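# Remarks on the overall topology
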Amino acid sequence: MPGTAIIGLQWGDEAKGKIVDLLTEQHEIVVRYQGGANAGHTVVVNGEKFKLSLIPSGIFRPHVQCVIAGGVVLSPAAVLQEINSLLKQGIKIDSNLFISNRAHVIFPWHHITDRMFNNIGGGEPIGTTLRGIGPCYEDKVGRALAVRVGDLYKPDFKKRIEHIIGVKDQLFLGLTNHCDNTMRIPGLDMELDAETIYKEYSNYAEQLRPYVADTTNYLLDAVDADKHILFEGAQGSLLDIDHGTFPYVTSSNSSGTGISSGSGVPPHFLKKIIGIAKAYTTRVGGGPCPTEQNNDIGKRIRDRGNEYGTVTKRPRRCGWFDAVAVRYSARLSGIDTLSIMLLDVLSGFDFLQICIAYEIDGQRIEYFPGDIDDLRKAVPIYETLPGWQEEITAITKYEDLPVNAKQYIKRIAELMGKPVEIVSVGPDRLQTIFL
Ligand code: GDP
Ligand code: IMO
Ligand code: MG
């Protein structure tokens, strides 16, 4: 398929990295097009575990061109650290990695702002990854204080840093005065020194120079040449800035809606979208999660699924599969097929539950509410299915799955109105069942 996309249908961590790595074999280019080092994608190759934040999960196939496109917000320190650790692990990274000159750069002031507003936003904190993602996107949209990768090489870069720091200092000072020093503002103990930051980022720029490219034109040429391109979504559709559970979302279009804007590739080039969902629900950070099981069931899922954040190590909130939420995401992201991940984690339950509707203010609702206050009130209406006791991690054929596991998958497909193409029963490439 010339244009294929992998999109998370829940609140992230659906195991997108594993599927991107698997499907890379049939593609020539893999593109990350939104998000930043808030993402943590795990790929297991021959028993060795790799955690990727910015580098596309196609990097383990040396013939494939990996692209970090313009819609990504880039921490130079994070990407260089990732490149160096992959190189040490024997992974080839040279001309097979392009970084867009249009990607926006994350600076220390973005980290400061992320920490400030995560704590003093009022109400339940968003619980961001503190990677400066939201504040960098804010500056991108605001334009006046933004720096793109290409700007790092311009003669006025030093002047630009001095100007931005002058403005940020005033903003931070105003905020400190506003708080009357009665509230400690997390992060504000960090000093912003223009000379130090200029030197640090000039050094990063030199190290990044071999990878920097006009990825938009590169991808448009690839489209003209009908190359096989795989788009790797970060986060999940329910964290989408416009269509997710706002304000408990990330700051980019993490549903299928962001593919074209983030990469520059026209929408009609996409021929297939694979929606990735766990066989249950997880969420990390704040915000409602109707099917969360704050009890032994949630704990069992967390223990069996090792549900701790790849980036922040926070325990993930776990619960039953929410078919209302996933059906919404599936429609929003326009998926063609489904990939159901971590089915093995559900072995050993006597029964399983799938949320098929919500009750909100005494009314049965079958759609995903657009307002966070309605979602907070949503009481899941469950359908109960029989569980299975057998471990399934060694099964490679769909027919060999326990009858109840097959029934569970079949029911999810029915509720989504989409076929299940892949079932995953373990982190390894080989623990994958293609239907
Ligand atoms: P991503 O952000 O969507 O790429 O997902 P993460 O890497 O953050 O989280 C998925 C986790 O599940 C990783 O630790 C994977 O190695 C692991 N994993 C992937 N598929 C399976 C599976 O089928 N079963 C189990 N038990 N673990 C899996
Ligand atoms: P991958 O690509 C799960 C969540 C954070 C927080 C919210 C906003 O690995 O699936 P941000 O730092 O983006 O401003 O945080 O979004 N979040 C993720 N949750 N997986 C991710 O990425 C996430 N990226 C951000 O926990 O609730
Ligand atoms: Mg992850």
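Conventions used here
Residues numbered from 1 in each chain as written. Chains lettered and ligands numbered in written order. Predicted model: local features only at pLDDT ≥ 70, side-chain atom pairs only at ≥ 80, totals over all residues. Heavy atoms only, no water. Helix = DSSP H or I, 4+ residues; strand = E, 2+ residues; numbered from the N terminus. Rg over C-alpha atoms; globule rule 2.2 N^0.38 Å. Contact = heavy atoms within 4.5 Å. Areas by Shrake-Rupley, 256 points an atom, 1.4 Å probe, with all protein chains shown as cover. Donors = N, O, S within 2.8 Å, 3.2 Å for Na, K, Ca; no water. Buried < 20%, exposed > 50% of the residue type's maximum accessible area, 1.4 Å probe, protein only. Near = heavy atom within 4 Å. Polar contact = N/O pair within 3.5 Å; in protein donor to acceptor, adjacent residues only side chain to side chain. 1 Å grid on protein atoms, 1.4 Å probe; cavity = no way out; pocket = protein on both sides within 12 Å on 5 of 7 lines; lining within 4 Å. Sits in = over half its atoms within 2 Å of the grid points. Nonpolar A, V, L, I, M, F, W, Y, C, P; charged D, E, K, R; others polar.

## Some words on the overall build of the chain
Within the chain, the secondary structure is distributed over twelve helices and 20 strands. Its C-alpha atoms give the chain a radius of gyration of 22 Å, within 12% of the compact-globule value 22 Å for 435 residues. Structurally, the chain occupies a C-alpha span of about 65 × 55 × 40 Å along its principal axes. A sequence separation of at least 24 residues applies to 77% of the contacts in the chain between residues at least 6 apart. Total accessible area computed for the chain in this model is approximately 18000 Å², and 51% of it derives from carbon and sulfur atoms.

## Here's the deal with the coordination of the magnesium ion (ligand 3)
Those donors, Asp13 (OD) and Gly40 (O), are the protein atoms that reach the magnesium ion (ligand 3), and they lie 2.0 to 2.2 Å from it. Separated by 27 residues along the polypeptide, aspartate 13 in the loop between β1 (3-8) and α1 (16-23) and glycine 40 in the loop between β2 (29-32) and β3 (41-45) bring together distant segments of the chain. Overall, glycine 40 belongs to the buried group, its relative accessible area being 11%.

## With respect to the site of ligand 2
Close to ligand 2 lie 20 residues; Asp13, Lys16, His41, Thr129 and Thr250 are nearest. The separation between an oxygen atom of ligand 2 and a polar side-chain atom of asparagine 38 is 2.8 Å. At 3.1 Å from an oxygen atom of ligand 2 is found a main-chain nitrogen or oxygen belonging to valine 284. A majority-of-atoms criterion places ligand 2 in the largest pocket. Class assignment for the residues of the shell around ligand 2 results in seven nonpolar, ten polar and three charged.

## Describing the site of ligand 1
Neighbouring residues of ligand 1: 18 residues in total, closest Lys16, Gly40, Thr42, Asp344 and Ser424. Glycine 17 has a polar backbone atom sitting 2.9 Å from an oxygen atom of ligand 1. Taking arginine 316, its side chain carries an N or O atom lying 3.3 Å from an oxygen atom of ligand 1. Relative to its free-state accessible area of 580 Å², ligand 1 is covered by the protein chains to the extent of 92%. With respect to the detected pockets, ligand 1 is housed in the second largest pocket. For the shell around ligand 1, the leading source of residues is α1, giving three residues.

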